[in-house]
Amino acid sequence: MGTPEQIAVVGAGMMGHGIAQVFAAAGHDVFLTDVSEEILNQALDHARANLTLLADKGIGKHGEIEPAMARIRTTTDMKKAVSDARFIVEAVSEKLDLKQRIFEEIEQYCSPETVIATNTSVISVSEIAARTKAKGRVVGTHFWFPPFLIPLVEVVKGNETAPEVVETTYDLMKRIGKHPIRCLKDVPGFVANRLQHALWREAISIVEHGIADAATVDEAIKHSFGIRLPVLAPLENADMAGLDLTLQIHNYILKHIESSTEPSPALKARVEAGNLGFKTGHGFHEWTPEQIARCRERLLDHLIEWRKEHGED
């Protein structure tokens, strides 16, 4: 497939502008496309603000901001955006039919050698590729939010993705400073989201069954295994404890852990009541505007400090 040079990002929303920013900061020319100039202008504003924030915090330099921004061009014309691209990332809404239609349109205009990636977080890569002609060049690249701070990118092999496309994509992610991992089977949720939502399911279940309230559940995680997760991940921890002990514990506890294949009634009830979390000020916790702002700020500060310490994009 060669070394991708010209990048196209389709979809300039919450993820798309950050992905374009990452490629541009790494020296790639990027065409960013969406349905309106207003969305594209907002995307450029967000990307510039992100780069300024990083420079203010000592990550990168202010003098690098405008050269990076100059590498991002915008257009509402799909053909113009993707015709010369050697690597394309689709980052539109998580709607299967929309993604399939976007992929069909991309395929009309791009080179036969171009890799087409989807940034879906949970939808099957193979289903997204179902209406394309060259399914072997379709691959998943699940960036995590915010993509300019979270290093992980899950490179997902669809049922028909060519092995060389997986490797080309993996290598590209490394060259732009990300931390790619290979997901070798096209399963819902890939790797990290399956792990994250398994934890969320149990956390919600504990609240639902009156074992502890939401604040206590979050407190338990933040003050126990949550602290050590960055340096001692679950399978490392199992090895450290001993797999014989792990087996003994699982023989006892797994039958008592939430195993429902349906969303929690406690979660459904909150959504039906309009208690959506930050959006409404009520969820599992109560949120004032000030608390919401502080929570977002704490997260951003934490991610920036992590990035400064580890030196990864």
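For the structure, check the block above.
About the criteria used
Residues numbered from 1 in each chain as written. Predicted model: local features only at pLDDT ≥ 70, side-chain atom pairs only at ≥ 80, totals over all residues. Heavy atoms only, no water. Helix = DSSP H or I, 4+ residues; strand = E, 2+ residues; numbered from the N terminus. Rg over C-alpha atoms; globule rule 2.2 N^0.38 Å. Buried < 20%, exposed > 50% of the residue type's maximum accessible area, 1.4 Å probe, protein only. Contact = heavy atoms within 4.5 Å. Areas by Shrake-Rupley, 256 points an atom, 1.4 Å probe, with all protein chains shown as cover. Lys, Arg positive; Asp, Glu negative; His and termini not counted. Charge placed at Lys NZ, Arg CZ, Asp CG, Glu CD. Pairing = 2+ DSSP bridges. Axes fitted to C-alpha atoms, helices over the stretch in contact; angles between N-to-C directions. Right-handed = clockwise from strand over helix to strand, strands pointing away. Core = buried A, V, L, I, M, F, W, Y, C linked by side-chain atoms within 4.5 Å. Polar contact = N/O pair within 3.5 Å; in protein donor to acceptor, adjacent residues only side chain to side chain.

Turning our eyes to something else, we now look at the overall build of the chain. Counting secondary structure elements, the chain contains 14 helices and 8 strands. Against the compact-globule benchmark of 20 Å for 313 residues, the chain has a radius of gyration of 21 Å, which places it among compact chains. Judged by the C-alpha coordinates and their principal axes, the chain covers about 55 × 45 × 40 Å. Residues counted as buried form 41% of the 313 residues belonging to the chain. Across the chain, the fraction of contacts at a sequence separation of at least 24, relative to all contacts at a separation of at least 6, is 68%. Surface summary for the chain: the accessible area is close to 17200 Å², and the carbon and sulfur share equals 56%. Charge centroids of the chain, computed over 34 positive and 44 negative side chains, lie 2 Å from each other.

Moving on to the sheet that holds strand β6 (residues 138-143). Read across the open sheet, the 8 strands follow the order β3-β2-β1-β4-β5-β6-β7-β8; overall the sheet is mixed. Whereas interior strands pair on both sides, the edge strands pair on one side only; in this sheet they are β3 (72-75) and β8 (179-183). Between one strand and the next, the sheet's axes are offset by a mean angle of 25°, whatever the strand orientation. Pairing of strand β1 (residues 7-10) with strand β4 (residues 87-90), which is carried by 4 bridges, proceeds in the parallel orientation. Counted as the bridge partner of V9 is V89 from β4.

Here the focus is the pairing of strand β2 (residues 30-33). What you see with β2 is no split at all: V30 and L32 on one side and F31 and T33 on the other are buried throughout. This β-α-β element, β1 to helix α1 (residues 16-25) to β2, shows right-handed connectivity. Bridge count between β2 and β3: 4 bridges; the pairing is parallel. Paired with V30 across the strands is I72, a residue of β3.

This brings us to the nonpolar core. Most often, soluble globular proteins have nonpolar side chains that are buried together. Of all hydrophobic cores here, the largest spans 42 residues; its most connected members are I19, F23, L32, F87 and M173. When sequence neighbours within four positions are dropped, the list of residues in contact with I19 reads V9, V89, A91, N119, F143 and P147.

A few words now on unusual backbone geometry. P146 follows F145 through a cis peptide bond whose omega is -5°. Relative to the helices and strands, P146 is located in the loop between β6 and β7 (152-157). One non-glycine residue, F190, adopts positive backbone phi at about 55°. Position of F190 among the secondary structure elements: in the loop between β8 and α8 (192-208). By relative accessible area, which is 3% here, F190 ends up buried.

The residue T161 is located in the loop between β7 and α7 (163-175) in this model. Residue classification places T161 among the buried positions, given a relative accessible area of 3%. In this structure the side chain of T161 is engaged in a polar contact, spanning 2.6 Å, whose partner is the backbone oxygen of V138. Within the local environment of T161, its side chain forms a polar contact with the backbone nitrogen of G158, the two atoms lying 2.7 Å apart.

Within α1, 9 of the 10 residues are buried, which leaves the element mostly enclosed by the surrounding structure. Downstream of α1 by one or two residues, G27 has phi in the positive range, about 100°.

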